[in-house]
Amino acid sequence: MTCDEADILLHALIDGELDAGHAREVETHIATCPRCAAALKAYREMNAAIAAADVRFTAPAHLRQRIEAALPQSRGTSRRSILAGFAMGSAVSAIAATGIVAIVLRSDDEQRIASEVVSAHLRSLQAGHLTDVLSTDQHTVKPWFNGRLDVSPPVIDLTALGFTLIGGRLDYIDGRAIGAVVYKRRAHVINLFVAQTPNATHSAARTEDVQGFNIRRWRDHGLSFWAVSDLSADELAEFSDKFESAMRTNGTG
Amino acid sequence: MSNGEKQGITLVPGPRHTARARPAANTTMLFGSSRDDQVRAQRFREAALPYLDDVYTVARYLLRDPADAEDAVQECYLRALKHFDSYRGPAMKPWLLAILRNVCHAEFARRAKSNTTAMDDLPESAETTEPLWQESQDTPETEMLQKRDAGTIQRMIAALAEPFRETFVLREIQNLSYREIAETVGAPVGTVMSRLARARAMLRSAWLAEEEQPR
Ligand SMILES: [Zn+2]
């Protein structure tokens, strides 16, 4: 591979758009080319700096009102909650008919899925691929999922409560794309996997040990949650309590 | 990879167009208030309004004028509602952004006619604007990119020339995939890749140039 080719392809590498074969070719070139290695490093730094600064704009309230005013009116159905993205996701998939299948996990598969959740957790730690979107801002992480998944997980910043939001990632559980929201407490990573479930009833969180990791799972608002970490069972329970309570607060407020 | 796309980068915003007449905001109801229309509008609300900030952000970067951006976003949503029945995908966000792009390009054409605004929005005039700095040919092999505040980064991104700015914003700020960008801007994926490489190279130069300026 020439530097000219690498100049273009290293961006695709950064963006995770390369297949494994091409990614290897670019990495091989970079390993032997200081110029392209420096470029890759600089672009990664630049991306991280842009992600860390909030360079988005917020639509002014009067613009929202102007657009609302132009829509035929209906009452009492406005639900601006942390689940807005989720509600939107299902609406879009129903309308779009693009063949995206909702993530539906059968309950008799729970044990196999628990072990897949642990595998996904381990992969995320080993591959240096913890996050696809690296941001401590829930308003950056949440929109990132939109359009990548037909079910956007609720993204809640718990930093003030001792669990730092690190970012989000697309992962695969049970052969399907699924959202993972990534948190940290001290040096411990928590992967929170979120999937749609046909079972709408609330189920209380419970912890189990799978292959030496604690998994805490619960069901709420038609979503299944799996929090997995090497944190102690107590601290993981604290995490899920705080998450559920924040979700309740936001959901009704 | 050079496919005739313009080389110039400029930090100089064009003359502001403060005095020109702005068309009155169109707040006409597009539909009556029958039950079906209300259901449809509600579905549209749930599907499209969560992306309002995304659409507005892209409009701000493309048009570089808050008032023009507001008008463009409103027009985008009105057009989207009108075509909502025939919407079959792709994902909602790229669909909205493709509509926004058409609205913005109509605005570029209007600006070109009225000749009162940033000349570097017009590809044929890009080379005539005097750049404050040039994309450097040999970037140092070791460089430390200093953290920049959001306002500075926004300004540097807004200073990128089109069509590189558009591709950059869709990728970096909106997180669209290359394929989604290609569909949104109506260009092949290869073109998207070369534009993105150029955009990042220009921004990297701007970033380094910024560091050399006294603060
Ligand atoms: Zn090289």
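Residues numbered from 1 in each chain as written. Chains lettered and ligands numbered in written order. Predicted model: local features only at pLDDT ≥ 70, side-chain atom pairs only at ≥ 80, totals over all residues. Heavy atoms only, no water.

Participant: Explain the interface of chain B and chain A to me, please; I cannot follow it from the model alone.
Facilitator: Often, the extent of an interface is quoted as the loss of accessible area upon association of its parts. Contacts between the two partners involve 68 residues from chain B and, on the opposite side, 53 residues from chain A. In total, chain B and chain A occlude about 5,600 Å² of area from one another, counting both sides; carbon and sulfur atoms represent 61% of this. For the chain B face of the interface with chain A, the top three residues by lost area are Arg45, Glu70 and Arg200 of chain B, together amounting to 10%. Where chain B touches chain A, the interface holds six salt bridges. Arg56 of chain A is paired through a salt bridge with Asp54 of chain B; the nearest N and O atoms lie 2.8 Å apart. Our enumeration of links across chain B and chain A arrives at 19 residue pairs in polar contact (both at pLDDT 80 or more). Among the secondary structure elements, those contributing two or more residues to the side of chain B that touches chain A are helix H1 (35-48), helix H2 (52-63), helix H3 (66-82), helix H4 (92-114), helix H5 (150-158), helix H6 (164-173), helix H7 (178-185) and helix H8 (189-212) of chain B. Looking at the side of chain B that touches chain A residue by residue, the classes come out as 36 nonpolar, 13 polar and 19 charged. (Contact = heavy atoms within 4.5 Å. Buried area = accessible area lost by both parts, 1.4 Å probe. Salt bridge = Lys/Arg side-chain N within 4 Å of Asp/Glu carboxyl O. Polar contact = N/O pair within 3.5 Å; in protein donor to acceptor, adjacent residues only side chain to side chain. Helix = DSSP H or I, 4+ residues; strand = E, 2+ residues; numbered from the N terminus. Nonpolar A, V, L, I, M, F, W, Y, C, P; charged D, E, K, R; others polar.)

Participant: Can you help me understand the confidence of the model for chain A in this one?
Facilitator: Model confidence for chain A is summarised by a mean pLDDT of 78, while 81% of its residues fall at 70 or above. Here residues 74-108 of chain A is modelled with pLDDT under 50, and outside its nearest four sequence neighbours on either side it reaches 70 contacts, counting other chains as well. (pLDDT = per-residue confidence, 0-100.)

Participant: Help me understand the coordination of the zinc ion, please; the structure alone is not making it clear to me.
Facilitator: Under perfect tetrahedral coordination by four donors, a metal shows angles of 109.5 degrees; under perfect octahedral coordination by six donors, it shows angles of 90 or 180 degrees. Residue and element names in this part refer to chain A. Donor atoms from the polypeptide that bind the zinc ion are Cys3 (SG), His29 (NE2), Cys33 (SG) and Cys36 (SG), placed at 2.1 to 2.3 Å. The site at the zinc ion holds four donor atoms, and with the angles between them running 101 to 116 degrees, its shape is tetrahedral. Counting along the primary sequence, the residues that act as donors to the zinc ion give the motif C-x25-H-x3-C-x2-C. Linking Cys3 in helix H1 (residues 3-14) with Cys36 in helix H3 (residues 34-52), this pair joins segments that are 33 residues apart in sequence. By relative accessible area, which is 29% here, Cys3 ends up partly exposed. Take Cys36: its relative accessible area is 0%, and that puts it in the buried class. (Donors = N, O, S within 2.8 Å, 3.2 Å for Na, K, Ca; no water. Tetrahedral: all angles 85-135°; square planar, octahedral: opposite > 155°, others 65-115°. Buried < 20%, exposed > 50% of the residue type's maximum accessible area, 1.4 Å probe, protein only.)

Participant: Looking at this model, I keep getting lost on the packing of aromatic side chains. Mind explaining?
Facilitator: Remark: the centre distance and the inter-plane angle together describe each pair of aromatic rings, the angle taken between the planes. Taken as a whole and assessed by the stated rule, the structure comprises 10 aromatic pairs over all chains. Ring centres 5.2 Å apart and planes at 75 degrees place the aromatic pair Trp144 of chain A and Phe145 of chain A in the edge-to-face group. On the basis of relative accessible area, Trp144 of chain A is assigned to the buried category, the value being 4%. When its relative accessible area of 0% is taken as the criterion, Phe145 of chain A is described as buried. Look at Trp218 of chain A and Phe225 of chain A: their rings are 5.0 Å apart centre to centre, the planes differ by 10 degrees, and that puts the pair in the stacked class. Members of the aromatic cluster, joined through ring pairs, are Phe163, Tyr183, Trp218, Phe225, Phe239 and Phe243 of chain A. Over the aromatic face of Phe163 of chain A sits the side chain of Arg185 of chain A, whose NZ or CZ is 4.1 Å from the ring centroid. When the ring centre of Phe57 of chain A is taken as reference, the NZ or CZ atom of Arg60 of chain B above it lies at 4.0 Å. (Phe/Tyr/Trp six-rings, centres within 6.5 Å; stacked < 30°, edge-to-face > 60°. Lys NZ or Arg CZ within 6 Å of the ring centre and 35° of its normal.)

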